[in-house]
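# Reading the structure
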Amino acid sequence: MIAALDVHYTDTAAHAAAIVFKEWQSEEPIASRTATEEPVAAYEPGKFYRRELSPLLRVITQIGFDVHTYVIDGYCHLSRDLTPGLGAYLHRSLTQPAVIVGVAKNRYRDSEHAVEVFRANSKRPLFVTAIGIEYNVAAQHIQSMAGQFRIPKMLKAADGLARRLK
């Protein structure tokens, strides 16, 4: 199983969502899960994981399926020298081995290492990094995902679910 994860915030809480699906090209999820955490950590540039990691781990405990790959909104590594990003911290925190695929919507400072993926007719790329599989393989998976827009359908579903919890 694969799970797309996302987190959104209010002033007082972090709302995490997971959309679980069987394969990269899946059109429909098999499950969705949510979790809320209070209080919310402050945003720190370059230390995104301090704000996102705990809510992600909380929603992962709610999934109830054997997930082999987690797709996050962010980077696994922040630079070519593998400076850890959210995905690396998530990978270290999991109790079971899993692949992490990071899909960022914006280029982070020193992120020339990320593989750019152009989906649909978008002129703006997604920036893909990974742990447990090669970046290029992860990028191919993201390219193959269902959906007619820049953001794949399952990632958009995780984002929408987390936003609705606000």
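Definitions and cut-offs
Residues numbered from 1 in each chain as written. Predicted model: local features only at pLDDT ≥ 70, side-chain atom pairs only at ≥ 80, totals over all residues. Heavy atoms only, no water. Helix = DSSP H or I, 4+ residues; strand = E, 2+ residues; numbered from the N terminus. Rg over C-alpha atoms; globule rule 2.2 N^0.38 Å. Salt bridge = Lys/Arg side-chain N within 4 Å of Asp/Glu carboxyl O. Buried < 20%, exposed > 50% of the residue type's maximum accessible area, 1.4 Å probe, protein only. Pairing = 2+ DSSP bridges. Expected span 1.5 Å × (residues − 1). Contact = heavy atoms within 4.5 Å. Phe/Tyr/Trp six-rings, centres within 6.5 Å; stacked < 30°, edge-to-face > 60°. Lys NZ or Arg CZ within 6 Å of the ring centre and 35° of its normal. 1 Å grid on protein atoms, 1.4 Å probe; cavity = no way out; pocket = protein on both sides within 12 Å on 5 of 7 lines; lining within 4 Å. Points joined across faces, edges and corners; volume = space filled by probe spheres on them. Nonpolar A, V, L, I, M, F, W, Y, C, P; charged D, E, K, R; others polar.

The name given to the protein in an unreviewed UniProt entry is Endonuclease V, and the organism recorded there is Microcystis aeruginosa Ma_QC_C_20070703_M131.

The next point concerns the overall build of the protein. Scanning the protein for helices and strands turns up four helices and seven strands. Written out in order from the N terminus, the α and β elements of the protein read β-β-β-α-β-α-β-β-β-α-α. For the protein, whose C-alpha radius of gyration is 15 Å, the value lies close to the compact-globule estimate of 15 Å for 166 residues. Here the C-alpha coordinates of the protein stretch approximately 35 × 35 × 30 Å along the principal axes.

Here the structure, examined in full by the defined rule, presents six salt bridges. Put simply, Glu116 and Arg107 hold a salt bridge, and the shortest N to O gap is 2.4 Å. With a relative accessible area of 38%, Arg107 lands in the partly exposed category. Residues Asp159 and Arg163 are paired through a salt bridge, measuring 2.9 Å at the closest nitrogen-oxygen approach.

This part covers the pairing of strand 4 (residues 69-73). Of all five residues in strand 4, four are buried; the element is thus mostly enclosed. Note: strand 1 (residues 2-9) against strand 4, three bridges, orientation parallel. The residue bridging Ala4 from the neighbouring strand is Val71, located in strand 4. In this structure, strand 4 lies alongside strand 5 (residues 99-104), joined through five bridges in parallel fashion. Bridge pairing in strand 5 places Thr69 opposite Val99.

What follows deals with helix 1 (residues 49-60). Between its first and last C-alpha atoms helix 1 spans 15 Å; for twelve residues at 1.5 Å apiece the expected length is 16 Å, and the two agree. Along helix 1, the residues that are buried comprise Tyr49, Arg51, Glu52, Leu53, Pro55, Leu56, Val59 and Ile60. Buried residues along helix 1 sit in contact with strand 1, strand 2 (14-21), strand 3 (31-37), strand 4 and helix 2 (86-93).

A few words now on the packing of aromatic side chains. Pairs of aromatic rings are described using the distance from one ring centre to the other and the angle between the two planes. Tallying each qualifying case throughout the model produces one aromatic pair. In this structure, Arg51 is placed above the aromatic ring of Tyr9, and the distance from its NZ or CZ to the ring centre is 3.7 Å.

Before going further, it helps to spend a moment on the layout of surface pockets. When its volume is computed, the largest pocket comes out at roughly 400 Å³. In terms of lining residues, the largest pocket is bounded by 20 residues, among which Phe48, Gly74, Tyr75, Asn106 and Tyr108 are the most central. Within the lining of the largest pocket, the residues separate by chemical class into ten nonpolar, four polar and six charged. Considered as a void within the structure, the second largest pocket measures approximately 290 Å³ in volume. Of all the secondary-structure elements, those providing two or more residues to the lining of the second largest pocket are strand 1, strand 4 and helix 4 (153-164).

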